[in-house]
Amino acid sequence: MELRRPDPAGSALVLPALGLDRPALGAEPRVASVGRPRLLVPVDSQAALAGLSPDMDRLRAACDRLGLLGCYVYAAPSPSGRVAARMFAPSIGVPEDIANANSTACLAAHLGELGIREIRVDMGDSLGSPATIRAWSSGPEVRLGGDVLVPPPGPLT
């Protein structure tokens, strides 16, 4: 797992494409990778996260230029470790992902460095398909799990 600070010029390309002037107060983006790098971008609140409306063409151009898979935007964790996140990956043809385990693992590794060892990440709400991914971090190891709700089938005819 790779975690590093992004080039400030790279952040200057990506943040406006996401519709952000800056990341969350007191936090800065991180480039994270378990293969292809992505940018972890903190925002101030769940409301700020829900209100994002990225310019996908601009975001794709910025991500392509920087060699990024996309941007995983998240609101700061609650004291219980609950996080809301959205993953935008237009460079691979995914405007927004419902649930993204690899990026959640990257976030868990980053937050683990800050002493937050367990998180539950809610994603997919903005797409009408809520999902929750759980992650546990201990040193260099990250474990993932998830919850899924499968609606019962409709009546058979």
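Look above for the structure.
A short tour of the structure in this document, coming up. (Residues numbered from 1 in each chain as written. Predicted model: local features only at pLDDT ≥ 70, side-chain atom pairs only at ≥ 80, totals over all residues. Heavy atoms only, no water.)

Right, let's talk about helix α3 (residues 56-66) for a bit. When we look at burial in α3, the residues that qualify are L59, A62 and C63. One face of α3 carries all of its buried residues, which in axial projection span an arc of 95°. Turned more than 90 degrees away from the buried face of α3, the exposed residues are D57 and R65. Along its buried surface, α3 packs onto α1 (8-18), β4 (71-75) and β5 (82-89). With a side-chain oxygen lying 3.2 Å from the backbone nitrogen of D57, the N-terminal cap of α3 falls on D55. Of the residues flanking the end of α3, it is G67, one or two places downstream, whose phi is positive at about 70°. (Buried < 20%, exposed > 50% of the residue type's maximum accessible area, 1.4 Å probe, protein only. Helix = DSSP H or I, 4+ residues; strand = E, 2+ residues; numbered from the N terminus. Arc of directions from axis to C-beta. Contact = heavy atoms within 4.5 Å. Polar contact = N/O pair within 3.5 Å; in protein donor to acceptor, adjacent residues only side chain to side chain.)

All chains considered together, the criterion is met by 6 salt bridges. When the shortest N-O distance is used, the salt bridge between R30 and E28 registers 2.8 Å. What makes E28 partly exposed here is its relative accessible area of 35%. The shortest N-O distance in the salt bridge between R82 and D122 comes to 2.8 Å. On the criterion of sequence distance, the pair formed by R82 in strand β5 and D122 in strand β7 (residues 118-123) is long-range, its members being 40 residues apart. The class for R82 is partly exposed, based on a relative accessible area of 31%. (Salt bridge = Lys/Arg side-chain N within 4 Å of Asp/Glu carboxyl O.)

No statement about biological role is implied by the geometric values presented.
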